[in-house]
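Report on the structure
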Amino acid sequence: MLKDIGIIKRANKSSKIFDECCWEYYNNECLPSEYVELCWDAYRNCPVSGNNSLNGNIFELIMSSLLVKENIKPMYLQESVAFVPNVIYDVILYSSENYPISLSLKTSLRERYKQADLEAVALKYVHRKAECYLLSLDENEVQDVKNKISTGDILGIDNVICVTTNEFDDFIRTLKNKSFIKPEKIEIVVAKHIVE
């Protein structure tokens with residue numbers, strides 16, 4: 001089912017669990033925050049033993065399926081960006097206004113917001129107009145990181161949002177009002193004169 005909507009190329013443990021536990025909510029008429037909550041609760045009630053890695057994979061599948069459900073695409077999952085070495089972004093959208101939008105997906109934040117901030121700084125160093133958002137399930141931790149953004153302790157992240165709140169519904173509405181494209185291929189060197 002995830003394969004049918006283009007999220008995965010071949011089934012794996014995480015996608016099988018998503019299909020078994022969460023897929024039934026994909027065609028439901030509901031707000032984005034409700035969809036995330038329904039899917040996450042369904043996964044948590046599945047008879048599987050979750051660990052941090054599996055939890056993160058399922059959360060990424062929930063979020064990417066939500067973006068497809070809301071017709072926010074094309075999107076790039078687990079991809080790198082030109083001239084930003086050693087970083088794999090969870091989700092990249094590319095605006096028709098020629099800048100990337102990064103969505104960093106974390107089930108919980110604890111110290112992980114620091115990694116997301118470093119990745120955001122790296123992206124903005126190369127792509128000055130880039131927008132970088134940190135999305136999480138933990139409302140209390142989200143508020144702590146929001147405070148760090150407002151005091152300037154975090155440099156790259158534009159906003160951190162709890163995905164089970166009205167703020168997330170507004171965020172998805174904002175994304176739906178943008179137009180996304182596949183970025184053009186770039187030439188590394190553009191020259192009028194080449195000596196060979």
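The preceding data block contains the structure.
Throughout what follows, the structure given in this document is the object of discussion. (Residues numbered from 1 in each chain as written. Predicted model: local features only at pLDDT ≥ 70, side-chain atom pairs only at ≥ 80, totals over all residues. Heavy atoms only, no water.)

With that settled, the discussion passes to the overall build of the chain. Scanning the chain for helices and strands turns up six helices and five strands. The linear arrangement of helices and strands in the chain, starting from the amino end, is α-α-α-β-β-β-α-β-α-β-α. Relative to a compact globule of 196 residues, whose C-alpha radius of gyration would be 16 Å, the chain shows 18 Å and is just as compact. Out of the 196 residues belonging to the chain, those deemed buried represent 46%. Summing over all exposed atoms, the chain offers an accessible surface of approximately 11400 Å²; the carbon and sulfur share of this is 47%. (Helix = DSSP H or I, 4+ residues; strand = E, 2+ residues; numbered from the N terminus. Rg over C-alpha atoms; globule rule 2.2 N^0.38 Å. Buried < 20%, exposed > 50% of the residue type's maximum accessible area, 1.4 Å probe, protein only. Areas by Shrake-Rupley, 256 points an atom, 1.4 Å probe, with all protein chains shown as cover.)

Quick look at the state of the cysteines now. Applying the stated rule across the entire model yields one disulfide. The disulfide bridge from Cys 21 ends at Cys 46, spanning 1.4 Å between sulfur atoms. Residues Cys 21 and Cys 46 are joined through a disulfide that is left-handed, its torsion about the S-S bond being -140 degrees. Taken together, the positions of Cys 21 in helix 1 (residues 13-21) and Cys 46 in the loop between helix 2 (32-44) and helix 3 (52-69) put the pair 25 residues apart, joining distant regions of the chain. Of all cysteine sulfurs, the one in Cys 162 lies closest to Cys 132, which takes part in no disulfide; the gap is 20 Å. Since its relative accessible area comes to 2%, Cys 132 is described here as buried. (Disulfide = S-S within 2.5 Å.)

Moving on: helix 6 (residues 166-176). Residues of helix 6 that are buried: Phe 168, Asp 169, Phe 171, Ile 172 and Leu 175. Axial view of helix 6: buried residues confined to an arc of 160 degrees, hence all on one face. (Arc of directions from axis to C-beta.)

To find the voids left in a structure, one rolls a probe of water-molecule size over its atoms. Estimates place the volume of the largest pocket at around 590 Å³. For the largest pocket, the lining is made up of 23 residues, of which Ile 7, Ile 8, Leu 61, Leu 77 and Gln 78 are closest to its centre. Per-class residue counts for the lining of the largest pocket are ten nonpolar, seven polar and six charged. Each pocket or cavity is described by its volume, and for the second largest pocket that value is around 420 Å³. (1 Å grid on protein atoms, 1.4 Å probe; cavity = no way out; pocket = protein on both sides within 12 Å on 5 of 7 lines; lining within 4 Å. Points joined across faces, edges and corners; volume = space filled by probe spheres on them. Nonpolar A, V, L, I, M, F, W, Y, C, P; charged D, E, K, R; others polar.)

Spatially, five strands are ordered 1-2-3-4-5 in an open sheet, and the strand pairing comes out mixed. The sheet terminates laterally at strand 1 (75-81) and strand 5 (159-162), the two strands that pair on one side only. Averaged over all pairs of adjacent strands, the angle between strand axes in this sheet comes to 40 degrees, irrespective of strand direction. Against the sheet, helix 4 (residues 112-126) touches strand 1, strand 2 (84-94), strand 3 (100-106) and strand 4 (131-136), its axis set at about 90 degrees to strand 2. In the packing of helix 6 onto the sheet, the strands contacted are strand 2, strand 3, strand 4 and strand 5, and the crossing angle to strand 5 comes to about 120 degrees. (Pairing = 2+ DSSP bridges. Axes fitted to C-alpha atoms, helices over the stretch in contact; angles between N-to-C directions. Contact = heavy atoms within 4.5 Å.)

Right, let's get into unusual backbone geometry. Following Lys 73, the chain continues into Pro 74 via a peptide bond in cis, with omega recorded as 5 degrees. Take Pro 74: it is sitting in the loop between helix 3 and strand 1. Positioned with a positive phi, Asn 71 is a non-glycine residue whose angle comes to about 60 degrees. Along the chain, Asn 71 falls in the loop between helix 3 and strand 1. In this structure, Arg 110 takes a positive phi of about 35 degrees despite not being glycine. Here Arg 110 is to be found in the loop between strand 3 and helix 4.

Attention now goes to the packing of aromatic side chains. Applying the stated criterion across every chain yields a total of four aromatic pairs. On the basis of an interplanar angle of 10 degrees and a centroid distance of 4.6 Å, the ring pair of Trp 23 and Tyr 26 is categorised as stacked. Classification of Tyr 26 as buried rests on a relative accessible area of 10%. Judged by centre distance (5.2 Å) and plane angle (50 degrees), the rings of Trp 40 and Tyr 43 are tilted. In this pair, Trp 40 and Tyr 43 are both assigned in helix 2, three residues apart and thus about one turn of the helix distant. On the basis of relative accessible area, Tyr 43 is assigned to the buried category, the value being 2%. (Phe/Tyr/Trp six-rings, centres within 6.5 Å; stacked < 30°, edge-to-face > 60°.)

Function cannot be read off these values alone, since they describe shape.
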